[in-house]
Amino acid sequence: MLQKQDYTLSVSPYKKQVTRYTDSSFPTKARILYFHGGGLLYGSREDLPMLHISRLTQAGYEILAFDYPLAPAAELEMILEDVCASINASCTQDCTFTHISLPYFLWGRSAGAYLCLIAAASGKLKQHPAGILSYYGYGFLCDNWFSSPSPFYQSLPPVDPSCLQSIPQEIHTEGSLDTHYSIYVYARQTGNWQKLIYHGREKYFYLDYSLRTCDKLPCPLFAAHSTADQDVPYSEFLELCSRYRPEKFIAPGNIHDFDRDEENPFTNSLLNATLQFLGQCTAMQ
């Protein structure tokens, strides 16, 4: 039977929660720490399709879906520190919301995958993950696509910069499509995405918040992408694969988060490939 429970985390000075999914009918063999997408500007820890939750928990994987602070109220340094704190908290002896003796995996979709990759590469994690699941993730490895206007987003109705005044200025961890998605569209239409998440020197952005100086990840990687992704270019995926030789899942089409459609046959195939990767990595622990 699927069980869902929310916990408040005390690792941050602001309100932050983690949602735990388990299925009591199946023994738990590993845990998955999940971080949502949304370009660091919007999104929710509860964005996982039910198909993903049921398939993974019935296979014996506990899922912990975490909040993290959103830009532009929070800068990239704070976001990454928060993600690393969440991961490390789940590995401590006094952790109340998970089985600490189990191996763990990092799982992110889009910006969440980026955060998982950067956290793993940062050297700030107390315990290495058993593996990383990157669903259409990135590492800012290729030039220009994230710092120049996006042709796809420019094809949408233009968003006025006044949208930035409509969201909370204080630190917050929830950004709904209704209130926050327009911020991301504006950022990609204007090429200002990088400026909304990072305010330091360009040199340190690439040194500290990209994968350009990371030659090797501390664990195996599974990477999924669509061939004509309109949000994160396929070239970014190819560069990620060239560096880290992951297990790959490639879907045709131009939908960025193609797995949000639970009826898409590639969604089921993706989950099958994910479970195979998880099983192989878990067996190695």
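This text goes with the structure placed above it.
Here goes a summary of the coordinates provided. It should be emphasised that the depicted structure is a prediction, and the values quoted were computed from it without experimental measurement.

### Looking at the overall build of the protein chain
For the protein chain, the helix and strand inventory stands at nine helices and eight strands. Against the globule reference of 19 Å for 285 residues, the protein chain gives a C-alpha radius of gyration of 18 Å, in line with a compact fold. Over its C-alpha atoms, taken along the principal directions, the protein chain stretches across nearly 50 × 40 × 35 Å. Across the 285 residues of the protein chain, 56% fall into the buried class. Here the contacts in the protein chain between residues at least 6 apart in sequence split such that 76% fall between residues at least 24 apart. Here the protein chain has roughly 12200 Å² of accessible surface; of this, 51% comes from carbon and sulfur atoms. Averaged over its 21 positive side-chain charges, the protein chain has a centre that lies 6 Å from the centre of its 29 negative ones.

### With respect to the pairing of strand β4 (residues 61-66)
Most of β4 is tucked away: six of the six residues are buried. Burial along β4 is two-sided: the face carrying Tyr61, Ile63 and Ala65 and the face carrying Glu62, Leu64 and Phe66 are both buried. In terms of strand pairing, strand β2 (residues 17-23) meets β4 through four bridges, oriented antiparallel. Opposite Val18, over in β4, you have Phe66 as the bridge partner. In this fold, the crossover linking strand β3 (residues 30-35) to β4 by way of helix α1 (residues 50-58) has right-handed handedness.

### Some details on the packing of α1 against helix α9 (residues 265-283)
As a packed pair, α1 and α9 sit with axes 11 Å apart at the nearest point and diverge in direction by 30°. The angle between α1 and α9 places the two elements in the roughly parallel class. Crossing geometry of α1 relative to α9 is assigned as right-handed. Residues Leu51, His52, Arg55 and Leu56 of α1 touch α9, and the partners they reach there are Thr267, Asn268, Leu271, Asn272, Thr274, Leu275 and Leu278. Residue composition of the contact of α1 with α9, grouped by class: five nonpolar, five polar and one charged.

### Observations regarding the layout of surface pockets
Empty space among the atoms becomes visible once a probe the size of a water molecule is rolled across them. Each pocket or cavity is described by its volume, and for the largest pocket that value is around 550 Å³. Contributing to the lining of the largest pocket are 24 residues, with Tyr42, Tyr181, His256, Asp257 and Arg260 lying nearest its centre. For the lining of the largest pocket, the secondary structure elements donating two or more residues are α4 (151-154) and α5 (177-190). For the lining of the largest pocket, the element with the highest residue contribution is α5, accounting for three residues. A breakdown of the residues in the lining of the largest pocket according to their chemical character gives eight nonpolar, 11 polar and five charged.

Cut-offs used in this document
- Residues numbered from 1 in each chain as written.
- Predicted model: local features only at pLDDT ≥ 70, side-chain atom pairs only at ≥ 80, totals over all residues.
- Heavy atoms only, no water.
- Helix = DSSP H or I, 4+ residues; strand = E, 2+ residues; numbered from the N terminus.
- Rg over C-alpha atoms; globule rule 2.2 N^0.38 Å.
- Buried < 20%, exposed > 50% of the residue type's maximum accessible area, 1.4 Å probe, protein only.
- Contact = heavy atoms within 4.5 Å.
- Areas by Shrake-Rupley, 256 points an atom, 1.4 Å probe, with all protein chains shown as cover.
- Lys, Arg positive; Asp, Glu negative; His and termini not counted.
- Charge placed at Lys NZ, Arg CZ, Asp CG, Glu CD.
- Pairing = 2+ DSSP bridges.
- Right-handed = clockwise from strand over helix to strand, strands pointing away.
- Axes fitted to C-alpha atoms, helices over the stretch in contact; angles between N-to-C directions.
- Parallel < 35°, antiparallel > 145°, perpendicular 65-115°, else oblique.
- Left-handed = near helix turned anticlockwise from the far one by under 90°.
- Nonpolar A, V, L, I, M, F, W, Y, C, P; charged D, E, K, R; others polar.
- 1 Å grid on protein atoms, 1.4 Å probe; cavity = no way out; pocket = protein on both sides within 12 Å on 5 of 7 lines; lining within 4 Å.
- Points joined across faces, edges and corners; volume = space filled by probe spheres on them.

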